[in-house]
Amino acid sequence: QVQLVESGGGLVQAGGSLRLSCTSPGRTFSRYAMGWFRQAPGKEREFVAAISWSGGSTYYADSVKGRFTISRDNAKNTVYLQMDNLKPEGTAVYYCSSGHTGVVRVTPEGYEYWGQGTQVTVSS
């Protein structure tokens, strides 16, 4: 079974930064688009950012544009989400996902494998 493993979550004050990482011990995802989603308590899972297989295309939710940066290192089989100027409304469980293809998608249906999530808590 393919497993994605996220790390880097934690507690941070508003305005602070965190860097999330995601890797897959059992699958090389260099040919696939990768995405980050988040889910706050009582809310549906929402798109945060995505990157194409080559890293040449990136997409962001309007709510994080200009503050978050998604990147990938295919040699290390790792995707990152740099989160700067965090806001309290960013408190959520953040999930890494691997796409069906190398093309970016912005809905959960466009992704095949998911990690267990990492908690990000932003205090005001």
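Here goes a summary of the coordinates provided.

Conventions we followed
- Along each chain, the written sequence defines residue order, and numbers are assigned to residues from 1.
- Owing to the predicted nature of the model, reporting of local features is limited to residues with pLDDT of at least 70; listing and counting of side-chain atom pairs is limited to 80 or more, with chain, interface and lining totals taken over all residues.
- Each side-chain value is worked out from all heavy atoms of the structure, with water and hydrogens disregarded.
- Note on conventions: DSSP H or I runs of at least 4 residues are helices, E runs of at least 2 residues are strands, and numbering of each starts at the N terminus.
- C-alpha atoms define the radius of gyration, and 2.2 Å times the number of residues to the power 0.38 defines the globule rule.
- Buried, partly exposed and exposed residues are distinguished by accessible area as a fraction of the type maximum, computed with a 1.4 Å probe on protein chains only: under 20%, between the cut-offs, and over 50%, respectively.
- Only heavy atoms matter for contacts: two residues are in contact if any of them lie within 4.5 Å across the pair.
- Throughout, the Shrake-Rupley method with a 1.4 Å probe supplies accessible areas, and for residues the shown protein chains are the sole cover considered.
- Any Phe, Tyr or Trp ring, taking Trp's six-membered ring, that has another such ring centre within 6.5 Å forms a pair; planes under 30 degrees apart are called stacked, those over 60 apart edge-to-face, and the others tilted.
- For this analysis, a salt bridge means a side-chain nitrogen from Lys or Arg found within 4 Å of a carboxyl oxygen belonging to Asp or Glu.
- Two strands pair if DSSP finds at least two bridges between them.

**Things to note about the overall build of the protein**
On a plain count of helices and strands, the protein comes out with zero helices and eleven strands. Listing every helix and strand of the protein by position from the N terminus yields β-β-β-β-β-β-β-β-β-β-β. Taken over the C-alpha trace, the protein has a radius of gyration of 13 Å; the compact-globule value for 124 residues is 14 Å, and the two agree within 12%. Projecting the C-alpha coordinates of the protein onto the three principal axes gives extents of approximately 40 × 30 × 25 Å. The buried share among the 124 residues of the protein stands at 44%. A separation threshold of at least 6 residues defines the contact pool for the protein, and within that pool the share at least 24 residues apart is 59%. Of the roughly 6300 Å² that the protein leaves accessible, carbon and sulfur atoms contribute 47%.

**Section: the packing of aromatic side chains**
For the structure shown, the criterion picks out four aromatic pairs. On the numbers, 5.7 Å between centres and 75 degrees between planes, the contact of Phe37 with Phe47 is edge-to-face. On the criterion of sequence distance, the pair formed by Phe37 in strand β4 (residues 34–39) and Phe47 in strand β5 (residues 46–51) is long-range, its members being ten residues apart. Phe37 gets classed as buried once you look at its relative accessible area, which sits at 0%.

**Some remarks on the pattern of salt bridges**
Inspection of every chain in the model, using the stated rule, returns three salt bridges. Glu112 is the salt-bridge partner of Arg27, the closest N and O atoms lying 3.9 Å from each other. With Arg27 in the loop between β3 (18–23) and β4 and Glu112 in strand β10 (residues 111–114), this pair connects stretches of sequence that are 85 residues apart. Its relative accessible area of 13% is what places Arg27 among the buried residues. For Glu112, a relative accessible area of 36% corresponds to the partly exposed category. The residue Lys65 makes a salt bridge to Asp62 at a minimum N-O spacing of 3.1 Å.

**Here's the deal with the pairing of strand β7 (residues 68–73)**
Because side chains alternate across β7, one face comprises the buried residues Phe68, Ile70 and Arg72, and the other comprises Thr69, Ser71 and Asp73, none of which is buried. The pairing of β7 with strand β8 (residues 78–83) spans six bridges and is antiparallel. The residue of β8 that forms the bridge with Ser71 is Tyr80. Hairpin connection, β7 to β8: the antiparallel pair is bridged by four residues, and Asn77 has positive phi, about 55 degrees.

Read these as geometric descriptors, not functional statements.
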